[in-house]
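Report on the structure
Listed below are the residues making up each chain.
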Amino acid sequence: MRCLIVGGGGPVGISLLYICKNLGWTAAVVDPRRPMDYAAHQKALAGTLEKWTIQHYSMGDFQHRVSAEKFDAVIDLTPTLDKRATMTYCDNLGIPLINSTMVDYKDDIHIAAFNFICERPHVSNQAHVAASGMNPGALNAMAEEIIQTKLHGEAPDEIVYWEYDDTIPASGKFSGPSTTWCPGESGAELTEDWTFEVLDGGSVLLHEDALSWTPQSFRGIGVPFSKVPVPPDGDAFLCGHEECLYMGWLHDTAVKFIYGFHADNMKLIREGGYCQSPELLIREPQMELKGTDYVGVAVRSGTEWYGQYCTMTNSAQLPTDTNATCWLVASGMAASILALQKNKTKPGVYLTHEMPGWMDAFRSLIQVNDYKVLASECS
């Protein structure tokens, strides 16, 4: 498998390169920046990393590259390339494209998701997988699996995506508001973008931004407190994510995403207000990370919550220039390629929960834990 990873210089791209190595794939990377520990990655990824093109790709550059070389798959991790245009262009060439989101710089999250639901990109030659990271991505597939196997296809009363990331420098001190993924996008998600939740019946309730909206609690949303050290009274944000619209409108049910950080980091983020520039927490040769990212979904039927969750701990086993959060996202991307490899899927643009064999592929990379709790046990 030979992949082109556009926008592969960030922590998700670095994780994905090491997953490619584990799977025996090769990859060419395009990104205007190289990671800090690039020399070490070159050595560790010998035989996997073919070439690193230091360039910011325009749509014309993208089209020229995929037309000029043979790739088995194209992976789009950029915030700027038009998601529809890249997919349709690759389809014309017979190349499957996998992206981590259908949101680019042009639209707000709920608008991009709405547009995708109303009209998917027109393709006729290949199967492509959209929004296939961790969330959106793996959590959609996990929620759908629960609905089909535990609720036997019946619509749930509520779906809640939850994430608690207590990543912290090994020193035990944050230097300021911090994040484990793209600082620009992370900061915008909390302070600039409309946040939202889907209400029962399909209405989208918009709030001006996550930072100013009512602090959220992990209580009462189906988190298995006996299994994961998520603080029941921990502060959290309501964040508007694509998966809320995809699943809320599919099942005509209420959906929201609750996101919390280490208590010290939450305090710094709230105190930082609207002018903050979050620091990206990644493993560095001189700075280790500790802490774990817990990501799950809870599906309620009556008084019972059925759920699945994944955990990834920051450790020296992860490469430098990345972290546990981004390894989970990269695993979702790789799972989409594995599912495409192993299943003869008709041409179309798929979300992860629609892709045959997607959860099997994801489970080959990441452990997925199942649980069930009563409403009284998580409140």
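Residues numbered from 1 in each chain as written. Predicted model: local features only at pLDDT ≥ 70, side-chain atom pairs only at ≥ 80, totals over all residues. Heavy atoms only, no water.

**A look at the packing of helix α5 (residues 109-118) against helix α8 (residues 242-251)**
Definition in use: Orientation is described by lines fitted to C-alpha atoms, with helices fitted over the stretch in contact, and by angles between N-to-C directions that extend from 0 to 180 degrees. In this description a helix means any DSSP run of H or I spanning at least four residues, a strand means any run of E spanning at least two, and both kinds are numbered starting from the N terminus. Each angle receives one of four descriptions, namely roughly parallel if under 35 degrees, roughly antiparallel if over 145, roughly perpendicular if within 65 to 115, and oblique otherwise. Left-handed describes a crossing whose near helix is turned anticlockwise from the far helix through less than a right angle; right-handed describes the clockwise counterpart. We call two residues in contact when some of their heavy atoms are within 4.5 Å. Residues were grouped as follows: Ala, Val, Leu, Ile, Met, Phe, Trp, Tyr, Cys and Pro as nonpolar; Asp, Glu, Lys and Arg as charged; and all remaining residues, including Gly, as polar.
Look at α5 against α8: their axes get within 8 Å of each other, and the N-to-C directions meet at 40°. When the axis of α5 is compared with that of α8, the two are oblique. Crossing of α5 against α8: the hand is right-handed. Contacts between α5 and α8 involve I109, H110, A113, F114, F116 and I117 on the former and, on the latter, E242, L245, Y246 and W249. The residue inventory of the contact of α5 with α8, partitioned by class, reads eight nonpolar, one polar and one charged.

**Examining the side chain of H41**
Put simply, the rule is: We call a residue buried when its accessible area falls under 20% of the maximum for its residue type, exposed when it is over 50%, and partly exposed in between, using a 1.4 Å probe and counting protein chains only.
By the secondary structure assignment, H41 is in helix α2 (residues 38-44). On the basis of relative accessibility, which here comes to 2%, the residue H41 falls in the buried class. Setting aside anything within four residues of it in sequence, one finds H41 in contact with I14, Y18, P35, P319, T320 and D321.

**Some points on the nonpolar core**
Filter applied, for reference: Among buried residues, the Ala, Val, Leu, Ile, Met, Phe, Trp, Tyr and Cys ones that are joined through side-chain atoms within 4.5 Å form a nonpolar core.
M134 and Y161 are the most contacted members of the largest nonpolar core, which has 103 residues in total. With 13 residues, the single largest contributor to this core is helix α10 (residues 324-342). Residues in contact with Y161, not counting those within four places in the same chain, are L139, N140, A143, E243, C244, M247, V255, K256, F257, I258, G296 and V297. Counting residues in hydrophobic clusters, the runner-up holds 18 residues, among them W162, Y164, A298 and Y371.

**Considerations on α8**
Summarising burial for α8: eight of the ten residues are buried, a large majority. Three or more residues of α8 are buried, namely E242, E243, C244, L245, Y246, M247, G248 and H251. Its buried side turned inward, α8 meets α5, α6 (138-149), β7 (158-165), β10 (195-198), β11 (204-207) and β13 (254-261). Positioned one or two residues after α8, D252 has a phi angle of 50°, which is positive.

**What about the packing of aromatic side chains?**
In this description, a pair of aromatic rings is defined by centroid distance and the angle of the planes. Quick reminder of the rule: Two aromatic rings, drawn from Phe, Tyr or Trp (for Trp, its six-membered ring), form a pair once their centres lie within 6.5 Å of each other, and the interplanar angle then sorts them: stacked below 30 degrees, edge-to-face above 60, tilted otherwise. Two limits define a charge over a ring: the Lys NZ or Arg CZ must be within 6 Å of the ring centre, and within 35 degrees of the ring normal.
Tallied over the entire structure, the rule returns eleven aromatic pairs. Here the aromatic rings of Y38 and W52 are separated by 5.3 Å at their centres, their planes lie at 80°, and the arrangement is edge-to-face. On the criterion of sequence distance, the pair formed by Y38 in helix α2 and W52 in strand β3 (residues 49-53) is long-range, its members being 14 residues apart. Judged by its relative accessible area of 12%, Y38 is buried. A relative accessible area of 8% means that W52 is categorised as buried. Just above the ring of W305 sits the side chain of R300; from NZ or CZ to the centre is 6.0 Å.

**What to know about the environment of I117**
You can see I117 is positioned in helix α5. For I117, a relative accessible area of 32% corresponds to the partly exposed category. Filtering out sequence-adjacent residues up to four positions away, I117 remains in contact with L245, Y246 and W249.

**Quick notes on the pairing of strand β17 (residues 304-313)**
Convention followed: Between any two strands, pairing holds if DSSP finds at least two bridges.
Of all the ten residues making up β17, seven are buried; the element is thus mostly covered by neighbouring parts of the structure. Note that strand β16 (residues 292-301) and β17 share ten bridges and pair antiparallel. Across the sheet, residue S301 finds its bridge partner in β17, namely E304. From the end of β16 to the start of β17, which pair antiparallel, there are two residues, and G302 there has a positive phi angle of about 65°. The sheet contact formed by β17 and strand β19 (residues 369-374) spans six bridges and is antiparallel.

**Comments concerning the environment of K51**
Mapping K51 onto the fold places it in strand β3. Placed 63 residues apart in sequence, K51 and F114 show a C-alpha to C-alpha distance of 37 Å. Apart from residues lying up to four places away in sequence, K51 is in contact with A27, A28, V29 and R65.

**A word on the side chain of T180**
Applied cut-off: Polar contact is the term for a pair of N or O atoms within 3.5 Å; when the atoms are in protein, one must be able to donate a hydrogen and the other to accept it, and sequence-neighboring residues count only if both atoms are side-chain atoms.
Mapped onto the elements, T180 comes out in the loop between β9 (178-179) and α7 (183-191). Given the relative accessible area of 2%, T180 is considered buried. At 2.8 Å, the side chain of T180 forms a polar contact with the side chain of D165. Once residues within four sequence positions are removed from consideration, T180 is found in contact with D165, T167, Y259, L280, L281, N323, T325 and C326.

**Here we look at the environment of M102**
Looking at where M102 falls in the secondary structure, it is placed in the loop between β5 (97-99) and α5. According to the relative accessible area criterion, M102 is buried, its value standing at 6%. Sequence-wise, M102 and C275 are 173 residues apart; in three dimensions their C-alpha atoms are separated by 27 Å. Once you skip the residues sitting within four places of it in the chain, M102 turns out to touch K83, R84, M87, A112, F116, P121, A130, A131, E242 and Y246.

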